[in-house]
Structures are given as structure tokens and as C-alpha cells.
Amino acid sequence: MQALTNRLKPVDRRKMNFLERLYLVAIFKGMLITFSHIFKKKPTINYPEKTRPFSPVFRGLHILNRDEEGRENCTACGLCAVACPAEAITMEAAERQPGEENLYREEKYAAKYEINMLRCIFCGLCEEACPKDAIYMSETFAPADYQRKQFIYKKEELLIPHPLKETAAYEKALGNRAKKKVN
Amino acid sequence: MCYYSKLEGSGGKCRTCLVEVAAGSTADPRPMPKLMASCRPTVMDGMVIKNITSDKVIDARNGVVEFLLINHPLDCPICDQAGECHLQDLSYDHGKAGTRYEFKRRTFEKEDIGPFIQLHMTRCILCYRCVYVADQITDKRMHGILDRGDHADISTYISKAIDNDFSGNMIDVCPVGALTDKTFRFKNRVWFTKPVDAHRNCENPKCCGKATLWLRGDEVYRVTARKDQWGEVQSYDNKPGWICNTCRFDKKKTGDWSIEGPTTISRHSVIGANKYKTLEMPADTIKKVLHGRDPKLLMNIHNVSGVNNPNIHLSEIDRPSHMEDFERSGEFVKGAGESTQWGLPKE
């Protein structure tokens, strides 16, 4: 039969000599490899004290964006929900009333917006589908929890902090990637 | 965009159906010098028409679409027509993604034209279909086009409310989102609702009583006339199946209708996404596998989620929903949604 790769090595079945039968040389060789690793660079880090930088394309927890005046960008157009392959996103739309212009950017807004993080596969299609710059995937993980109901993320959890009222929290939520974009 | 076979005199307004006439007829085989709107001229023996085989036609249509989109607001994320909008389809077919227009778009003052129909004049492409509906289907004409050219505006004269029994059909004939159903406004996106064919015995002799219901769960969110493959109202016995306002706006319960089956949706339409072809639920095999025991569900989504709350019936609100409609769900206490059928412990 033709070999699939050229890395094939036949097993050596010759009778072992006395030195080989002692196994001491083989053990010593193995220990040498083990001990040499003490002096090599550690590939692991002490998480959670230290964290690695995120990749520029990392897709973490979702965030619902606001504009510069702090109005919600989302208009509940449903494109994220229809793009979602896991059907994790659901929403209810409502009409903006007179006097709510400072809360919502457009005539229609999402009264309820939920992402089921148990269903979400963090593929980022919602981010791509959004025509209103409203949903982004941030640089945070979904934290672990004991109860399933904690994973239904509602608007309170998803909305970015108000850029004018909670400036510090907003800057933090923007993350490293957004800061780079500003220049 | 403007021609509607069920409306007499329609067509010839939007110029999106331009074709090249390579030969006029057998008697006079000369080509016509200019592109013709295919909805208006009469067909002659020996006529040769070039449609998409002519570069001139494609180029002219692209230009027409660009002109139609000059003043169109492109607020598809908000518009209720998105998903079944003919201008959306047309611009995807012909238009370019970018725009060369740098000036202010045409805007209008908002006008209330009655309790059932929402008019968004900025979205209007002036196809005149709704005016023909008012002329030909309703008893007396209540609205028309005022002013000319760029300022042309669809309005009810002296802001008269449209109260005719068949005025709702304007919503169905509107190719864009200029006339939309106020009772459905912002309730849901078209592609999340499930269209089913249904009929009822309407008291109105002119109403055909055959309609498409757009459901979410068992709630009737919207009623429209049945559409054929060209997006026009279907005909029954050579009569177009217009429906009356009672059927359209007042009968929002499944009990009012006899449901025939799911509407056939073109597989190219977003409306058909994630829909089943039959209304019957497939048999649940889990119980059989578990020897008659119900599966133990760890969470009833309605206990946690505020979306699609079983205690809120949006179909019963005859206006767009507001925040307080969802906040009324405060009455919905945690225990209300739970039931023993889920096998959940009471919280």
C-alpha cells in the first residue's frame, strides 16, 4: 500500500542490547528534555491576574451603541435577528413618543431587546447586518453563572453607558479597538 | 412600479419598465426612436421588443432607479414595507449602492390621513396607484395629488379623513412604504410574521372576504388582501379581491377567520425565511423516547424574557405600540407565566 505521507517510520524490532535493556540511558534522555523546559520561556500566563491582549477581530459580548448625544442607535429593524444563525436575538419595537427624542435616535426603537447568550455562537453576523451602527461585539467574555436565566441579556445589560452622563464608563466600554480608530 | 393590472389607467408614470422596440409591427417594421414604457403601448402583430438584451434599456433603467431613489429617504430599517417593498427589490436589481446626490432630500410636513392609514410622503414615488384606488374602488374620491413636479404631494383635500370602506386597499397597492397600516405600524417586521391564507363571510357585498393574515403565534398582527406572483391583489372570478376596512382593520382575532393554510411565499423572498410549509406541528418524539415522561425543562423562557410576552396582545392595540404597553407587563408577575406543564418549580 502506498504511504499517505513520507513521515512513515518502521518500528524498530531488533533485539535490545544490555545497555538498552537497562533503560537508564532512555530515562536520562527523557529527564534531560523535561529539565531543559525549566529554562525555556513559559507559554502560559497567570490568568486572571494577567490577561492577554485581544485580537483585533475578537468577538465578545454584544454591546448596543449610542450616538454622541447618548441616543440609542437601534431602530429594531430586525436585521440582526434575521441574520442570526442561532436565533438568539429577539426584540419588540415601539414608536417614539414626543419628548423622547433625546432617548432614541429614530422614530422607531427597540422597547425590548434580548440576546440569549446560551444560544449565541458569537459569529458576528449581527454586527455585520446592522445598518444603524447599533450592535457591536466587545472585548469581554460572557461571565460564567450558576443559573440559565442570567444568560438572557436584556437592554440594561447590553446598552453602552451614556457618553455624556457616565463618560468614564463609556470610555471604558469603548475598549481598545475604538480608541485606536479615533486616532 | 406604477402599473397595476387591476386599476384602470394606471402605468406610464415611473418609467422603470422601459423597453426598446426593435420593430414596431409587421405593417411598419421601423424601430421606435425612443425607449418605450412597456406598460402603456398596445401590442401589435410582428412587434419585436428588446428587454434586458439591450444595453440601452439596462442603462436607462439604472438611471430611472437612481432618480426614484434621489428623494427616497432609505429608512428601510424603520419602514414597515421593508421585506415586501417593490422599490427595495428594484434598487437591489438595478440601483447602485452609493448615491451621487449631495443635496437635501425632499421632505414634507407630517400629515394624519385617518386612524387606519399612515402616510409617509417622503417615501412616495408618485405612482398614482392609491389615487386610482380612491377613484375606482371607493365610492367617492377623498384624496389626490396636490401641486406639481417635485412638490407633488399626496393628501386628502382639506385634510379630510379617509373614511371609505375600501380605503385600506391603498396600503396594498402602494409599492413603497408611503401608505402603511397604522394598526400594524412597528408591531413586527414582515419577515418575522407568518402569513396564512384565510377567509370569512364578510357582510359587505363588495368585499371578497379572502385575505392573508400575518400571524405571530396565534395573534393576527396584520390583514392584507391576497397577493399574486406579481405582488398584485389576486383575482377571483375575474374580479380583483379587494377587502373592506372591517376585514382589514377590525378582525384581528384568529376566531374571526377560517384559516386555509400557509401562504406560498417565493423562496427568494426574505418573508419565507425560517417558515414551515405546513401548519401542523411535527410529532414530538422526545416523549416517546422517554417512555411517556415529559422532558424536564430547565427554564421557561417566558419567565425571564420580556419579548413575546404571552400576557401582552399587541394585535389588540389599534395604534403603534409604545413603551408603556410593554411596561404594563408589570402585571405579568414571575409566577404568571410559569405553569406545571413545563415541569418547573414555582418560584
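Note that the structure is predicted; figures quoted are calculated from it, not measured.

Enquirer: What exactly am I supposed to notice about the overall build of chain B here?
Expert: Secondary structure assignment for chain B yields 9 helices and 13 strands. In chain B, which comprises 347 residues, the proportion classed as buried is 35%.

Enquirer: Looking at this structure, I do not really get the overall build of chain A. What am I missing?
Expert: Within chain A one finds 6 helices and 5 strands. Put simply, chain A runs from its N terminus to its C terminus through helices and strands in the order α-α-β-α-β-β-α-β-β-α-α. At 27 Å, chain A has a C-alpha radius of gyration far larger than the 16 Å of a compact globule built from 183 residues. Taking the principal axes of the C-alpha coordinates as reference, chain A spans close to 95 × 45 × 40 Å. Here chain A holds 183 residues, and the buried ones make up 26% of them. Long-range contacts, defined here as pairs at least 24 residues apart, represent 72% of the contacts in chain A between residues at least 6 apart.

Enquirer: I keep staring at the confidence of the model for chain B and nothing clicks. Help me out?
Expert: Fine structural detail should not be taken from predicted coordinates in areas where pLDDT scores are low. Residues and elements named next belong to chain B. This prediction gives chain B a mean pLDDT of 83; 90% of its residues lie at or above 70. Mean pLDDT values for the elements of chain B range from 38 in helix α9 (residues 334-337) up to 93 in strand β10 (residues 219-225). For the stretch residues 330-347, pLDDT sits under 50, and the model shows 25 contacts to residues farther than four places along the chain or on other chains. Complex prediction metrics read pTM 0.81 and ipTM 0.80.

Enquirer: Where do I start with the domain arrangement of chain B in this structure?
Expert: In many reports, interface size means the accessible area that the parts give up when they come together. Residues and elements named next belong to chain B. With domains assigned, chain B is organised as domain 1 (187-282) and domain 2 (286-342). Relative placement of domain 1 and domain 2: their C-alpha centres are 26 Å apart. Here the residues of the side of domain 1 that touches domain 2 sort into 2 nonpolar, no polar and 3 charged.

Enquirer: Explanation requested: unusual backbone geometry in the structure shown.
Expert: All names here are of chain A. Y47 connects to P48 through a cis peptide bond whose omega is 5°. Tracing the backbone shows P48 in the loop between α2 (24-36) and β1 (62-64). Here the phi dihedral of E87 falls at roughly 50°; this positive angle occurs in a residue that is not glycine. Here D133, not a glycine, exhibits a phi torsion of approximately 65°, which is positive. Topologically, D133 is positioned in the loop between α4 (125-129) and β4 (135-137).

Enquirer: It is not clear to me how the interface of chain A and chain B should be interpreted in this structure. Could you clarify?
Expert: Contacts between the two partners involve 23 residues from chain A and, on the opposite side, 21 residues from chain B. Residue assignment for the side of chain A that touches chain B shows that the elements contributing at least two residues are β2 (89-95) and β3 (108-116) of chain A. The class makeup of the residues in the side of chain A that touches chain B is 8 nonpolar, 4 polar and 11 charged.

Enquirer: Hey, could you run me through helix α3 (residues 129-136) of chain B in this one?
Expert: Residues spaced three or four apart along an α-helix point in a common direction, a consequence of the helix completing one turn every 3.6 residues. Of all the 8 residues making up α3 of chain B, 6 are buried; the element is thus mostly covered by neighbouring parts of the structure. Every buried residue of α3 of chain B is accounted for by R129, C130, V131, Y132, V133 and A134 of chain B.

Enquirer: So what exactly am I meant to see when it comes to the sheet that holds strand β5 (residues 152-153) of chain A here?
Expert: Remark on secondary structure: sheet strands pair via backbone hydrogen bonds, oriented parallel or antiparallel. A sheet is described by the order of its strands in space; here 3 strands give the open sequence β2-β3-β5 (chain A), paired in antiparallel fashion. Each having just a single partner strand, β2 and β5 of chain A make up the two edges of the open sheet.

Enquirer: Please explain the pairing of strand β1 (residues 18-23) of chain B as it appears in this structure.
Expert: Remark: a regular strand shows side chains that alternate across the two faces of the sheet. Residues and elements named next belong to chain B. Where β1 lies against strand β2 (residues 36-37), 2 bridges are found, and the strand directions are antiparallel. The partner of V19 across the bridge, within β2, is M36. The pairing of β1 with strand β3 (residues 48-50) spans 3 bridges and is classified as antiparallel. What sits directly across from V21, in β3, is I49.

Enquirer: Any chance you could explain the sheet that holds β1 of chain B here in plain terms?
Expert: Residues and elements named next belong to chain B. The strand order across the open sheet formed by 3 strands is β2-β1-β3, and the pairing between neighbours is antiparallel. Strands with a single pairing partner mark the edges of an open sheet, and in this sheet they are β2 and β3. Against the sheet, helix α1 (residues 55-70) makes contact with β1 and β3, and its axis sits at roughly 155° relative to β1, the strand it touches most.

Enquirer: Which parts of the structure should I look at to understand α1 of chain B?
Expert: All names here are of chain B. Given a rise of 1.5 Å per residue, 16 residues ought to cover 22 Å, and the 23 Å separating the end C-alpha atoms of α1 matches this to within 8%. Among the residues of α1, R61, V64, V65, L68 and L69 are the ones counted as buried. For α1, the arc enclosing every buried residue in end-on projection is 130°, short of the 170-degree limit, so these residues lie on one face. Where α1 is buried, its residues contact β1 and α2 (86-93).

Enquirer: Quick question: what am I supposed to make of the nonpolar core here?
Expert: Soluble globular proteins tend to pack their nonpolar side chains together in the buried interior. All names here are of chain B. Core analysis: the biggest nonpolar cluster contains 82 residues, and I125, C130 and M170 have the highest contact counts within it. The contact partners of M170, leaving out residues within four places of it in the chain, are I117, C130, V133, A134 and L179. Formed by 21 residues, the second largest nonpolar core is a distinct cluster that contains A211, V220, A225 and I243.

Criteria and thresholds
- Residues numbered from 1 in each chain as written.
- Chains lettered and ligands numbered in written order.
- Predicted model: local features only at pLDDT ≥ 70, side-chain atom pairs only at ≥ 80, totals over all residues.
- Helix = DSSP H or I, 4+ residues; strand = E, 2+ residues; numbered from the N terminus.
- Buried ≥ 20, exposed ≤ 12 C-beta atoms within 10 Å, placed from the backbone.
- Rg over C-alpha atoms; globule rule 2.2 N^0.38 Å.
- Contact = placed C-beta atoms within 7 Å.
- pLDDT = per-residue confidence, 0-100.
- Domains from an automatic or database assignment.
- Nonpolar A, V, L, I, M, F, W, Y, C, P; charged D, E, K, R; others polar.
- Pairing = 2+ DSSP bridges.
- Axes fitted to C-alpha atoms, helices over the stretch in contact; angles between N-to-C directions.
- Expected span 1.5 Å × (residues − 1).
- Arc of directions from axis to C-beta.
- Core = buried A, V, L, I, M, F, W, Y, C linked by C-beta atoms within 7 Å.

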